[in-house]
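Architecture and fold: a report
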Amino acid sequence: MPKKVMIVVLMVALATAVFATGSPEPETETVAIEIAYPVAIDAPVTEILDGYARAFEAENPNVTVKPVYAGGYGDVKTMIQTTIDGGGDAPALAVMLATDLFDLANAEYIEPMTALLDDMPGSDAYLADFLSAFLANSYYMGNMWSLPFQRSAVVLYYNADMISDAGLDVPNDWDSLAEVASALTVRDGDTVTQWGIEWPSGWPYWLFQPLAMGGGQNIVGDDDTTVYFDDPGVIDAIEYYISLSADYGATPAGVQAAWGNVVPNFVSGNTAMIVHSSGSLSSVLSQAPFEVGVMGIPGKRRGTSYSVPGGGNLYLVSGLTDAERQAAFDLAVFLTDPARAADFSIQTGYIATRSSAFEDAAMKEYVAANPQAGETRSILADGGKELSLQNLGQVRSIFHNYLQAAYNGEMSAAAAMRAAQEEADAALADFR
Amino acid sequence: MSQLRTKTKVHLLPYLLILPTLLFVILFTIYPTISSIVGSFFQQRLNIPRYRDPVFYGIGNYTDLLGSAGFRMILGNTLRYVAAVVPTTLVAALGFALWLSHKRHARFRIAIFHPTILPMVSAATIWMFFLTPDYGLFNTFLRFFGYSGPENWAANPNMALWSLVLIAFWKDAGFYMIFYLAGIQNLPGDVYEAAKLDGAGPLTIFFKFTVPLLRRTTLFVTTVAVIGAFRTVDHVFIVTQGGPSSRSSLLLYHLWQVRFEYLNIGQASTITVLLVALLLAFTISNFVISERRTTDA
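In every chain, residue numbers begin from 1 and rise along the written sequence. Written order determines the labels here, with chains lettered from A and ligands numbered from 1. Only residues with pLDDT of at least 70 get local features here, since the model is predicted, and only at 80 or more are side-chain atom pairs given and counted; chain-wide, interface and lining totals rely on the full set of residues.

A look at the overall build of chain A
Heads up, the condition is: In this text, helices come from DSSP runs of H or I with a minimum length of four residues, and strands from runs of E with a minimum of two, each type numbered from the N-terminal end. To get the radius of gyration, use the C-alpha atoms; to get the globule rule, take the number of residues to the power 0.38 and multiply by 2.2 Å. To sort residues by burial, count the other C-beta atoms lying within 10 Å of each one's C-beta; a count of 20 or more means buried, 12 or fewer means exposed, and anything in between means partly exposed. C-beta atoms are built from the backbone. By definition, residues are in contact whenever their C-beta atoms, placed on the basis of the backbone, come within 7 Å of each other.
Scanning chain A for helices and strands turns up 19 helices and 14 strands. By the compact-globule yardstick of 22 Å for 432 residues, chain A fits well, its C-alpha radius of gyration being 25 Å. C-alpha atoms of chain A, sized along the principal axes, occupy 90 × 55 × 45 Å. Relative to its full complement of 432 residues, chain A shows a buried share of 50%. Intrachain contacts of chain A at a sequence separation of at least 6 include 73% that bridge at least 24 residues.

Observations concerning the overall build of chain B
Looking only at helices and strands, chain B has 13 helices and two strands in total. Over its C-alpha trace chain B gives a radius of gyration of 24 Å, far above what one expects of a compact globule, namely 19 Å for 297 residues. Across its three principal directions, the C-alpha atoms of chain B cover 85 × 75 × 35 Å. Split into buried and exposed, the 297 residues of chain B put 34% on the buried side. Taking the intrachain contacts of chain B between residues at least 6 apart in sequence as the baseline, contacts between residues at least 24 apart amount to 69%.

Regarding the confidence of the model for chain B
Going by this rule: For every residue, the predictor assigns a confidence score, pLDDT, that lies between 0 and 100.
With 94% of its residues at a pLDDT of 70 or more, chain B shows a mean pLDDT of 88. Scored as a complex, the prediction yields pTM 0.89 and ipTM 0.87.

What to know about helix α2 (residues 45-59) of chain A
Owing to its 3.6 residues per turn, the α-helix brings residues three or four apart onto one side. Quick note on the threshold: Here a helix's expected span is defined as the number of its residues, less one, multiplied by 1.5 Å.
Here α2 of chain A contains 15 residues, and its C-alpha end-to-end distance of 21 Å stays within 8% of the 21 Å for a straight helix at 1.5 Å per residue. Residues of α2 of chain A that are buried make contact with β2 (63-69), α14 (322-335) and α15 (338-348) of chain A.

Focus on the nonpolar core
Basically, it comes down to this: To count as a nonpolar core, a set of buried Ala, Val, Leu, Ile, Met, Phe, Trp, Tyr and Cys residues must be joined through C-beta atoms within 7 Å. Each domain's limits were defined by an automated method or a database of domain assignments.
Of all hydrophobic cores here, the largest spans 183 residues; its most connected members are Ile33, Leu93, Ala94, Ala181, Val317 and Leu331 of chain A. Each of domain 1 (31-152 + 310-381) and domain 2 (163-308 + 388-431) of chain A contributes no fewer than three residues to this core.

Given below as structure tokens:
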């Protein structure tokens with residue numbers, strides 16, 4: 001009998017212990033905020049971010065900042081979504097893809113910054129200082145939603161030594177790009193020992209966009225529900241990509257699962273040109289024993305080149321108290337300070353987000369030593385709009401399916417893009 | 001009076017004992033299942049204001065999904081993946097177990113088992129190096145035999161899914177081996193002695209004694225392996241992201257896409273229901289078939 005009672009008491013105690021939650025909140029004036037940050041590049045970003053957080057705390061003694069590193073962009077977004085859907089406390093500030101704006105705002109995962117900016121002295125000058133290409137994804141429904149933070153662009157890296165040694169000129173249109181790539185492809189029997197160009201398929205839509213623009217039509221329209229997948233210019237661009245392997249033999253055929261391999265291939269001199277993120281610039285410059293050239297992707301017409309921005313912005317996550325919202329916004333402004341934007345750019349290779357950052361002494365010194373870093377800024381001056389629209393996840397996945405089918409020769413470029421346009425229009429119908 | 005009290009207590013105690021487990025099962029299994037079934041009949045899409053709150057949609061989610069060629073392909077991918085991973089892993093696990101059940105080979109057990117203790121994410125990352133185009137381990141190995149392709153395992157539409165099968169096989173065979181090892185070590189020695197005395201050869205012994213005697217183990221391992229195969233998704237994230245053209249997309253990966261990228265909660269619930277139904281159908285038929293064989297024997 002006492003044994004049974006004891007078992008019952010133990011069970012109840014155990015159940016209580018298991019289900020008991022919550023801990024007493026400290027009753028102080030301090031505001032504690034978290035910033036969710038995706039690690040997307042090969043640089044010591046966690047150390048850099050920790051340093052910024054400590055510096056912010058030193059300036060704002062009543063705020064504690066805890067950086068949360070939860071994986072890449074996808075992981076951070078999923079983490080924010082599950083935390084909010086589950087009614088938990090999500091980090092106050094998060095770096096998420098600039099293109100995620102519409103879905104995040106529609107689903108009320110983020111809060112607008114408009115009111116906070118209105119209260120901020122000199123906010124117009126502050127916003128005007130950001131590179132305009134980077135602010136393109138910050139406005140929606142009459143509100144301002146995000147501040148550019150770690151931003152990049154699609155660029156073509158070329159081995160300038162290899163090109164001049166072969167007596168060639170730097171490519172300036174589709175034909176010369178294909179010819180240079182073909183001339184710099186080296187074969188030993190059937191085996192290729194050096195590729196002329198590598199165009200990886202990680203982020204398929206992103207690396208393809210400058211090519212489509214070069215063909216005469218960006219895949220996305222200016223509003224938030226229009227895509228131009230079956231435009232002749234887009235189809236032309238796919239056919240050009242295929243011709244680089246099929247006609248010129250200058251790049252491996254088909255979809256290339258090689259995002260992480262092409263930078264090592266390039267710096268070791270095994271590939272003459274690569275298409276990659278400008279975020280790899282620091283790592284390329286520090287490793288390459290040759291003269292590295294950086295430019296936009298040459299277009300079909302002579303003398304044109306194109307690029308699109310990429311990367312992540314700072315978002316205010318919804319469900320904040322007034323104090324948390326203000327602290328998170330202050331932190332966002334602190335992180336985008338010109339000197340800090342310059343420092344972050346130098347340390348990581350991301351493009352400094354503000355014009356005044358390029359006036360920073362350290363940045364000037366860095367650009368003087370590495371002119372390519374200044375080059376990325378001018379490449380973006382005539383950059384197009386990155387694929388960003390309503391229902392982005394689904395539309396992007398439709399486009400990827402058909403782009404890859406065309407790359408792999410399973411469908412003709414025209415048939416694939418017709419199907420992609422049809423499915424994307426259906427997926428966007430509810431949003432028009 | 002006192003008799004009655006005792007009776008009540010006897011009835012109460014078992015329930016109290018399973019209470020914590022029951023609460024967990026209700027909270028984390030029964031409630032989500034029911035809520036998914038209910039959710040699958042509603043149109044709820046977080047990125048469309050008018051569908052942010054659920055709107056009744058009948059069997060619309062089911063007809064949308066099953067009517068889409070893309071979803072049918074993902075379903076087919078998943079079935080092919082499971083049908084490839086489970087039997088090969090099981091046969092290999094049994095083979096390893098037979099080989100390593102001898103004391104003198106015991107030291108190899110850790111070598112076979114070690115992939116199991118790696119997280120799938122690490123395993124998949126290691127395999128990325130094997131599958132790398134151009135200079136990856138596999139291509140280098142094949143080139144040694146004078147074969148110059150296929151070069152791009154994870155991006156080739158005809159090989160991406162099989163690359164995932166290969167990774168899962170490498171990772172899981174050692175795990176299921178442990179169950180077979182335990183099963184083999186519990187086999188009755190006298191039966192084997194008698195069989196040997198009767199002059200049965202090794203093949204007869206294997207097929208007429210070992211395999212039937214291990215049926216219980218096999219039932220358990222198949223069930224766990226099938227559920228495991230449906231559930232694994234980490235390597236899809238790391239190696240192929242379901243590509244190229246969704247040719248290596250699996251049900252659970254697509255579920256993640258629909259829920260977190262398309263923000264379509266109703267459709268995600270529907271995929272969950274289909275996944276649970278598939279698993280239930282398999283597990284129940286597996287048990288029924290196995291039980292019938294046991295009673296026949």
